[in-house]
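Descriptive structure summary
Spelled out, the chains give:
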Amino acid sequence: MGLLEGRFVVITGAASPRGLGKATARLFAEHGATVAILDLDADAAAEAAEDLGEGHVGLACNVVDKPACEAAVRALLDRWERIDVLVNNAGITQPLKIMDIAPENYDAVLDVNLRGTLYMSQAVIPTMRQQKSGSIVNMSSVSAQRGGGIFGGPHYSAAKAGVLGLTKAMARELAPANVRVNAICPGFIATDITAGKLTPEMQQAVLDGIPMGRAGEAIDVAGCALFLASDISAYCTGTEVDVNGGSLIH
Ligand code: NAD
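So, here is what we can say about the structure in this document. (Residues numbered from 1 in each chain as written. Predicted model: local features only at pLDDT ≥ 70, side-chain atom pairs only at ≥ 80, totals over all residues. Heavy atoms only, no water.)

Take the overall build of the protein chain next. A count of helical and extended segments in the protein chain gives eight helices and seven strands. Computed over the C-alpha atoms, the radius of gyration of the protein chain is 17 Å, within 12% of the 18 Å expected from 2.2 N^0.38 for a compact globule of 250 residues. By principal-axis analysis of the C-alpha atoms, the protein chain measures approximately 50 × 40 × 35 Å. Looking at the protein chain as a whole, 51% of its 250 residues are labelled buried. The contacts in the protein chain between residues at least 6 apart in sequence include a share of 73% that link residues at least 24 apart. Per element, the accessible surface of the protein chain, about 11300 Å² overall, is 54% carbon and sulfur. The average position of the 19 basic charges and that of the 27 acidic charges among the side chains of the protein chain differ by 7 Å. (Helix = DSSP H or I, 4+ residues; strand = E, 2+ residues; numbered from the N terminus. Rg over C-alpha atoms; globule rule 2.2 N^0.38 Å. Buried < 20%, exposed > 50% of the residue type's maximum accessible area, 1.4 Å probe, protein only. Contact = heavy atoms within 4.5 Å. Areas by Shrake-Rupley, 256 points an atom, 1.4 Å probe, with all protein chains shown as cover. Lys, Arg positive; Asp, Glu negative; His and termini not counted. Charge placed at Lys NZ, Arg CZ, Asp CG, Glu CD.)

The seven strands are arranged β3-β2-β1-β4-β5-β6-β7 in an open sheet whose pairing can be described as parallel. Edge strands, defined here as strands with exactly one partner in the open sheet, are β3 (57-60) and β7 (240-243). Taken pair by pair, the neighbouring strands of this sheet meet at an average axis angle of 20°, ignoring direction. Pairing between strand β4 (residues 85-88) and strand β5 (residues 134-139): four bridges, direction parallel. Bridge pairing in β5 links Leu86 to Ile136. The strands that helix α3 (residues 66-80) touches are β1 (8-12), β2 (34-39) and β3; relative to β2, the one it contacts most, it runs at about 160°. Here helix α8 (residues 218-229) sits on the sheet in contact with β4, β5, β6 (179-186) and β7, set at roughly 165° to β6. (Pairing = 2+ DSSP bridges. Axes fitted to C-alpha atoms, helices over the stretch in contact; angles between N-to-C directions.)

Our next topic: the site of the ligand. Lining the immediate surroundings of the ligand are 26 residues, of which Ser16, Leu20, Asp39, Tyr156 and Thr191 lie closest. In the environment of the ligand, an oxygen atom lies 2.6 Å from a nitrogen or oxygen atom belonging to the side chain of Tyr156. A distance of 2.4 Å is found between an oxygen atom of the ligand and a side-chain nitrogen or oxygen belonging to Thr191. Against a free-state accessible area of 830 Å², the protein chains account for coverage of 90% of the ligand. (Near = heavy atom within 4 Å. Polar contact = N/O pair within 3.5 Å; in protein donor to acceptor, adjacent residues only side chain to side chain.)

With that settled, the discussion passes to the pattern of salt bridges. Evaluation of the coordinates by the stated rule reveals nine salt bridges. Measuring nitrogen to oxygen at the nearest pair gives 2.8 Å for the salt bridge that ties Asp231 to Arg7. Of this pair, Asp231 sits in the loop between α8 and β7 while Arg7 sits in the segment before β1; the two residues are 224 residues apart in sequence, bridging distant segments of the chain. The exposure class assigned to Asp231 is partly exposed, which follows from its relative accessible area of 48%. Here Arg214 makes a salt bridge to Asp220, at a shortest N to O gap of 3.0 Å. Accessibility expressed as a relative area gives 38% for Arg214, which makes it partly exposed. (Salt bridge = Lys/Arg side-chain N within 4 Å of Asp/Glu carboxyl O.)

Within the chain, Lys132 stands out as a residue other than glycine whose phi angle is a positive 60°. Tracing the sequence through the fold places Lys132 in the loop between α4 (103-131) and β5.

What follows concerns the packing of aromatic side chains. According to the stated counting rule, one finds one aromatic pair in the structure shown. Taking 5.0 Å as the distance between ring centres and 35° as the angle between the ring planes, the aromatic pair formed by Phe8 and Trp80 counts as tilted. Taken together, the residues Phe8 in strand β1 and Trp80 in helix α3 connect sequence positions 72 residues apart. An identical accessibility class is assigned to Phe8 and Trp80; each is buried. (Phe/Tyr/Trp six-rings, centres within 6.5 Å; stacked < 30°, edge-to-face > 60°.)

Right, let's get into the nonpolar core. With 32 residues, the main nonpolar core has Ile11, Phe28, Val35, Ile37, Val87, Ile184 and Val221 as its most contacted residues. When contributions to this core are tallied by element, the ones reaching two or more residues are β1, α1 (20-30), β2, α2 (42-52), β4, β5 and α8. Ranked by the residues each element gives to this core, the list is headed by α8, at eight residues. Look past the residues within four positions of Ile184 in its chain and what remains in contact with it is Val137, Asn138, Met139, Ser140, Ser141, Val221, Cys224, Ala225, Leu228, Val241 and Val243. Listed in part, the 30 residues of the second largest apolar core include Leu38, Met128, Ala171 and Ala177. (Core = buried A, V, L, I, M, F, W, Y, C linked by side-chain atoms within 4.5 Å.)

Within the secondary structure layout, Asn89 lies in the loop between β4 and α4. Here Asn89 falls in the buried class, since its relative accessible area comes to 10%. Setting aside residues up to four positions removed in sequence, Asn89 forms contacts with Ile11, Thr12, Gly13, Ala14, Leu20, Gly21 and Met139.

Without other data, these values stay purely geometric and don't point to any function.
What follows is the structure, encoded as structure tokens:
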């Protein structure tokens, strides 16, 4: 019996084939969930959903666009009549130094990572409140906790730290409705977000800072998301769970 048998799950930014969202979607489907993959491109989202097997859904949704988030959730409720889990995974990063962050860099990175997490959460919360159950999992980053040092610039650290604050405040407000909200802080995970963008020297420096001596795999993050999404974490809310190979131990 899977940990998410009969559960309906929405995962944003899950079309990227080697990404954390896709790995999470695959693991959730293996555990019995019906999954909706939301991403920028409709065809990519549909393809990724098809990859999971029958019954899963792929939809275009730019998480920065509030009406688009609401429309996607309405379309899913028409089919499913409930939403049990939301994974706010969509994110972008940019390797900029503090003085190089232009207004449009700030807007892009803050919008997708933080505003998108807010808008998608707002789209599902009324349903979760009504159900008196739900689990929201937000993708933050070790960059939020230790001030970058891998790839993303200060604006990325700020956006992901914002995600942590939002997670904790939502957890507090929604706890009486039995809606749990938690964050994952991945360390360095090999996906397309940094693929080909790190020099061998940067890569070595990152690995030197990881006590476990290896980059994380997408499945490492997916496993943590499964824990937080399912009832085995029933008394966890407002937590930030590290998946970083020991690169930040606090
Ligand atoms: P990825 O680039 O492989 O996937 C990100 C996905 O988000 C892509 O499919 C992209 O199309 C989608 N996306 C971008 N903007 C969007 C928008 N406005 N609306 C909807 N979808 C959008 O990245 P990944 O490594 O799988 O990262 C997933 C999450 O994990 C991100 O939030 C990232 O910041 C976070 N994270 C990643 C790492 C890492 O080392 N890979 C570490 C810490 C945190």
